Amino acid sequence: MGKGIKFTAAVGIAVLLGCIQMGCEQPGVKKTGATVSPQPQVEEKAAAAEQSEVSAPEEKKDEKSSCATKKEETASHPKDKRTIQQIISELTGEKIGPDNSGDLYHAGLTATYTSPEEVLPGEGKFGKLFKFLPIIRWYDPDHYYTPNLNVSGEYKHEECVMCHTVQTPGIVAQWKKSKHSSSEKGVVGCDKCHGNNHQQLYMPSWKHCGECHPEQQAGHRAGKIGSHTHAFHVSVVEATWQISKPEAEVTACATCHGIAENRCDGCHTRHDFSLAEARKPNNCGICHTGLDHYEYEMYRESYHGMIYESEQHTWDWSKPLKPANYKTPTCAYCHMKDGEHNAQKASTINSHMGTSLVDRGAPKFKESRQNWINTCKGCHSPRFAADQFEAMDEAVKVSFAKWREAMKIVVDLYNDGLLDPMPNDLAPDYAGHYTFSLLGGEGRMFNVSDIERTSFEMLVYITNAVYKAMAHGAMYGATYGKGAFLQDRWLIQIKGEASKLRRIRALEDRVGIKHKAYDFWKHGEYTDLLLGWKRKPGDTNKADCRHEGENCLAE
C-alpha cells in the first residue's frame, strides 16, 4: 500500500510539473502570466468561478487530458471518513469510550469528548450563549455562590472558631495572625464576613469588605474599562475569546479576572489579609504574567526586579511604601501609590494592554507624564526619568511600524482572496458571521488561517511586549527577550507565508486547479464545540451590555 501511495504521488507531481512546463490549458483558464488579480470580495470571486464553469464550452468540459485528470487528484481532499477514534481502535484494539469514564486512553485518541455534567448560566449581554463551570461561584460570589452545608443554626464568632479549629485549623491560624483578630475597632470575626446563619452563609465580595474599608472600596470601584473594576464583567463576560470557546477551556481566564474585580483577597489573601504580602510584586504576578500581559516577567528582568530578588528578604514589609523604606519600587509602589486602590488612576491612557498605539509623551499627556516622573524622583533625577519614558515612546512607535508592514501584507492577501482558508471556509465566529478576524472581527488566535494567527501573535504577544518591557525598564525583554527581535521573526514568517500562498495560487491558476478549502478548517471534534455553530437569532441582550460608553462588541 505504501508503494502505491508513493507511486501515485510521484505521478501526480510529474504531471503537475509537466503541465507547468508545457503550459497545458484547462477549461476556463487563460494561458497568461501567473499574476493573481485582486478580488474585491470572496463571495464575488466564488460566484464568478461558478459562472465560468457554467458558461464553459461543452467540448472543453469533456476534455480528458492528463492535466485535467490530475487536477482533481492534486487538489484531493481526505477520503478516509473514519474518526480518529475508529482509526486508532482498529490499529491497536483499544476500545472507544467517553473521556469521563475513568478509563485510561493511551494518548487519549480513542476517547470521545463529553461536556461538563454541571454548568452555571452565563450573564450579561451574551448570557444565553455561554456557561461557566461551578468553580465560578468562588470568583463571582454575589452572583453564583449558594451555601450547601448540612449544619444548621445561628452561631456566634467564638463558636465558629471553636468548631473550625478542628474542621479547618489552617484558616483559624491565619485569622488569629491577622489584624481582624485584634483590630482597634474590635474583633472582626467569622460572622462579620460570612454571616451567622449556617444555612445562609455567604462568600464575601468587595461589597462586604467595603463596609469597613470604604476608602479602599471607592478606589477599587473607580476604574474605567481596562481596570480591576471591569476585569470580569467586561473583560470576560463580554470578551469573545471567553464566550467563543468551551467553558472548561477558559476557566483559568475567568477565575483570575473574577477575583480581580469581585473580591479583595486576590491581593490580601485570606484569612490573614496581610498588607506586607500585598506589597510584594509576586502577589501581582499571579495574574499579570504571560503572553498578553508580561508585566511581572518584565519587572523581574529590570534592575528594580534584580534588586528586589536580591534584597527583599532583608526589608521590613510592614512599613509603608516610601523611598526611605524600600531600596527599589514594587508594583504597588508605582501603581497604587500612597495606598490608592484604583490601580488605573496613575495610568496615562488605556491602550488595551498595549495593543493600541498612543504616544504617551504627547503634549496632551503632560500632566500624567509629570506624575510618573515625580514617582521616579524618589530615587532618580527627573531628567533620567524623562529620558527613560522617551525611550519607551520611541520603541513603541517603531514596533507599530513593523506591525503595520505585516498587516499590509495580510490585508492584501485577504482582498485578493488568497488566505488559506478564507473566512467563509472557517467555522463561524462568535456572532455567527464569517468576518476577517483582524479587521472588524473578534481578533483571535484560533479558528483562523495560519498567517492570521501569526499576525495576531505579533500584535498581542510581541508588539505589546515591547511596550511592557520598556515601561518596566526590561531592556533584554524589549529586544532579545520577547520584543523587537521576535517581531523581526514574526514579520519574516508573515512574509514567507504570504510568498508561499501567492506562488501556490499562481501555479494553481497556471495548471487549472480550483482549490477548495479542506473541510477540517470548518469541522472537527473540537471545532464543532465553538460558539459560532450554536448562534441563533435573539440570543443576545444588548440591554445588559456593560461597556459603559465604550464601543460594544459587534453583532
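Residues numbered from 1 in each chain as written. Predicted model: local features only at pLDDT ≥ 70, side-chain atom pairs only at ≥ 80, totals over all residues. Heavy atoms only, no water.

Undergrad: Can you help me understand the overall build of the protein in this one?
TA: Helix and strand counts for the protein come out as 23 helices and four strands. Considering only residue pairs separated by 6 or more positions, the protein has 63% of its internal contacts joining residues 24 or more positions apart. Total accessible area on the protein stands at roughly 31,100 Å², and carbon and sulfur atoms take up 56% of it. (Helix = DSSP H or I, 4+ residues; strand = E, 2+ residues; numbered from the N terminus. Contact = heavy atoms within 4.5 Å. Areas by Shrake-Rupley, 256 points an atom, 1.4 Å probe, with all protein chains shown as cover.)

Undergrad: Where do I start with the nonpolar core in this structure?
TA: Of all hydrophobic cores here, the largest spans 51 residues; its most connected members are Val410, Leu413, Leu419, Ile451, Met458 and Ile494. Listed by contribution, the elements that provide at least two residues to this core are helix 16 (295-301), helix 17 (303-311), helix 18 (331-335), helix 19 (366-376), helix 20 (382-415), helix 21 (450-471) and helix 23 (484-511). It is helix 20 that provides the largest number of residues to this core, a total of twelve residues. Aside from chain neighbours lying at most four places away, what touches methionine 458 is Lys402, Trp403, Ala406, Thr463, Gln487, Trp490, Leu491 and Ile494. By size, the runner-up hydrophobic cluster in this structure holds 15 residues, among which are Phe126, Val236, Val237 and Ala254. (Core = buried A, V, L, I, M, F, W, Y, C linked by side-chain atoms within 4.5 Å. Buried < 20%, exposed > 50% of the residue type's maximum accessible area, 1.4 Å probe, protein only.)

Undergrad: Looking at this model, I keep getting lost on the environment of arginine 502. Mind explaining?
TA: Along the chain, arginine 502 falls in helix 23. Counting along the chain gives 89 residues from arginine 502 to leucine 413, while the straight-line C-alpha distance between them is 8.2 Å.

Undergrad: Would you explain the confidence of the model for the protein in this entry?
TA: Scored by pLDDT, the protein has a mean of 86; 85% of the residues are at 70 or more. With pLDDT under 50 throughout, residues 1-66 is counted as low confidence; its partners more than four residues away or in other chains account for 58 contacts. (pLDDT = per-residue confidence, 0-100.)

Undergrad: Teacher, can you tell me more about the pattern of salt bridges here?
TA: In a structure, side chains of opposite charge can pair up when their charged atoms sit close to one another. Applying the stated criterion across every chain, the model contains 25 salt bridges. Lysine 95 is the salt-bridge partner of aspartate 103, the closest N and O atoms lying 3.1 Å from each other. Classification of lysine 95 as exposed rests on a relative accessible area of 52%. Of the charged contacts, one joins glutamate 457 and arginine 453 as a salt bridge, the two residues approaching to 3.1 Å between their closest N and O atoms. (Salt bridge = Lys/Arg side-chain N within 4 Å of Asp/Glu carboxyl O.)

Undergrad: For this particular structure, what's the right way to read the state of the cysteines?
TA: Each disulfide consists of one covalent bond between the sulfur atoms belonging to two cysteines. This structure, assessed with the given rule, holds one disulfide. Put simply, cysteine 256 and cysteine 287 are joined by a disulfide, and their sulfur atoms are 2.3 Å apart. One end of the pair, cysteine 256, is in helix 13 (residues 251-262); the other, cysteine 287, is in the loop between helix 15 (281-284) and helix 16, with 31 residues separating them in the sequence. The class of cysteine 287 is partly exposed, set by a relative accessible area of 23%. Cysteine 253 takes part in no disulfide bond, and the closest cysteine sulfur, belonging to cysteine 256, lies 8.6 Å away. A residue is classified by how much of its surface remains accessible, and cysteine 253, at 29% relative accessible area, is partly exposed. Among the cysteines around cysteine 267, which has no disulfide bond, cysteine 284 carries the closest sulfur, lying 5.9 Å off. Assessed through its relative accessible area of 30%, cysteine 267 is described here as partly exposed. (Disulfide = S-S within 2.5 Å.)

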